[in-house]
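Analysis of the macromolecular model
What follows is each chain in one-letter form.
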Amino acid sequence: MTAIPAPQLRKLTAALPFWMTLGLIPVAIITAMYGGWTLLLMPIATWYLFSMLDFFTGLNTDNADPQTPDEDLKWYRAITLIWAPVQILTIFGLLVYMVNTDHLHWAEEWALFAGVGIITGTVGINYSHELMHQKPKIERWMADILLASVLYSHFRSEHLLVHHRYVATPRDPVTARYNEHFWRFFPRVLRECWVSAFNAEKAMLARKKLPWTDLSNPFFRYWSLQAVFLLAAVLIGGWWGLFLFVTQAFWAIFQLELVNYIEHYGLTRKHLGDGKYEHVLPRHSWNAAQKASNWLLINLQRHSDHHYKPDRRFPLLQTYDDNEAPQLPYGYPVMTMVALSPRHWKRVMNPRVQAWREKYYPEISDWQPYKNATNPQPR
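The text that follows walks through the structure, step by step, so that each part is easy to find. Treat the numbers as computed from the prediction; the structure is a model and nothing was measured. (Residues numbered from 1 in each chain as written. Predicted model: local features only at pLDDT ≥ 70, side-chain atom pairs only at ≥ 80, totals over all residues. Heavy atoms only, no water.)

**Let's talk about the side chain of Arg188**
Within the secondary structure, Arg188 sits in helix H9 (residues 182-207). Ignoring anything within four residues of it in the chain, the contact list for Arg188 reads Pro173, Thr175, Ala176, Arg177 and Glu180. (Helix = DSSP H or I, 4+ residues; strand = E, 2+ residues; numbered from the N terminus. Contact = heavy atoms within 4.5 Å.)

**Some words on the environment of His159**
Relative to the helices and strands, His159 resides in helix H8 (residues 155-166). You can call His159 buried: its relative accessible area is 4%. A C-alpha to C-alpha distance of 9.0 Å links His159 and Cys193, two positions 34 residues apart in sequence. His159 has contacts with His129, Met132, His133, His164 and His306, leaving out every residue within four places of it along the chain. (Buried < 20%, exposed > 50% of the residue type's maximum accessible area, 1.4 Å probe, protein only.)

**Things to note about the packing of helix H3 (residues 24-34) against helix H4 (residues 41-57)**
Two elements in contact, H3 and H4, have axes whose closest approach is 9 Å; the angle formed by their N-to-C orientations is 155°. Accordingly, the angle class assigned to the pair H3 and H4 is roughly antiparallel. Contacts between H3 and H4 involve Leu24, Val27, Ala28, Ile30 and Thr31 on the former and, on the latter, Leu41, Met42, Ala45 and Thr46. In terms of residue class, the contact of H3 with H4 is made up of seven nonpolar, two polar and no charged. (Axes fitted to C-alpha atoms, helices over the stretch in contact; angles between N-to-C directions. Parallel < 35°, antiparallel > 145°, perpendicular 65-115°, else oblique. Nonpolar A, V, L, I, M, F, W, Y, C, P; charged D, E, K, R; others polar.)

**Focus on the side chain of His154**
Looking at where His154 falls in the secondary structure, it is placed in the loop between helix H7 (137-148) and H8. If sequence neighbours within four positions are ignored, His154 has contacts with Cys193, Trp194, Ala197, Phe219 and Tyr222.

**So, H7**
Side chains that are three or four residues apart share a direction in an α-helix, a result of its 3.6 residues per turn. If you check H7, its first and last C-alpha atoms are 16 Å apart, about what twelve residues at 1.5 Å a residue would give, namely 16 Å. When H7 is considered as a whole, its buried residues turn out to be Glu139, Met142, Ala143, Asp144, Leu146, Leu147 and Ala148. In this fold, the buried residues of H7 make contact with helix H5 (74-99), helix H6 (106-132), H8 and helix H10 (218-263). (Expected span 1.5 Å × (residues − 1).)

**Some points on the nonpolar core**
Generally speaking, a soluble globular protein has its nonpolar side chains buried in company with each other. Within the largest apolar cluster, 93 residues are counted, with the highest numbers of intra-cluster contacts made by Phe92, Leu112, Tyr261, Tyr265, Tyr332 and Trp345. Among the elements that line this core, the one with the most residues is H10, at 14 residues. Those residues in contact with Tyr265 that sit more than four places away from it in its chain are Ala176, Arg177, Tyr178, Asn179, Glu180, Trp286, Trp345, Met349, Asn350 and Val353. (Core = buried A, V, L, I, M, F, W, Y, C linked by side-chain atoms within 4.5 Å.)

**Some points on unusual backbone geometry**
Keep in mind that most residues, glycine aside, have a negative phi and that most peptide bonds are trans. Here the phi dihedral of Leu151 falls at roughly 60°; this positive angle occurs in a residue that is not glycine. Among the structural elements, Leu151 can be located in the loop between H7 and H8. In the Ramachandran plot, Ile298 falls in the positive-phi region, its phi being about 40° despite a non-glycine side chain. Judged by its relative accessible area of 4%, Ile298 is buried.

And the structure:
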């Protein structure tokens, strides 16, 4: 592994690969203008293009100096900060365009906004994830705006208060269980994550002797922002505009949960007894060092380090070798496609989970409580 000195990170050229995501916006516009076969461009540009680039660019095992100050990261921070207005303008600009043109069939309009959802899920929610972990209020507000634009605002509460605290234990809805295929995981997390997020915020207010109806409950902000976007969709395009907006939101959420599914599949923290679990370690997240897909996902694939240091900005996230953390055979774009087929997913991943168990926990002989999430709830 090579260390990247802080002065090198100050250069715009070092950050430019992460700005490639802006190229997805013209793709969406071209699709809206021409329809037809161009509707394939958005999934191709996200899932397939970066998978091919991974093949040619290989792995990136370089680590930046984690002590690099924020002032040296301005070009990296800029892409995450500008994405919220870019995304909102794209969604509603396309809605306005749809209202004022009639060259696309209704099915093409649906496919267009499904493709937009792939972008708002792959990029928008991922950028909101980066922003919600930061301290400046402007960044947290940008995270809330991005999540509201895909009707998934509660993800912030669930992620910060539940997932990071209880990952790889029975209390974390987002940790995919061994042998749980995606089509079972997806409806489960849609149901459980909202409840766990709301209960986490309610419990925080209770500790302050406040009811959940107190206006400091962020759910009121979540609901208000989502209502603004839903109303805007109706005012622009009527009920059809609302349907198209909800379509992009659904596919954005679908894309997010595909990624959530693969990040911790089958990985569990050891139960130490009496509701106590070992601390989160690099071994409890699947990692991928593929260079191009880390450009697309702003280093989300360096997931172990994110759980170790959640507020560490994405260019500073460290990579781990396979002695410290389990590695995926391909980047997230390929692995999410594999996850859509339970048979192929189990063929690829189950042997890796079994090898992971033998490597890190040879003393555990009964894995059934871990597989079924029936171990005691963490204290």
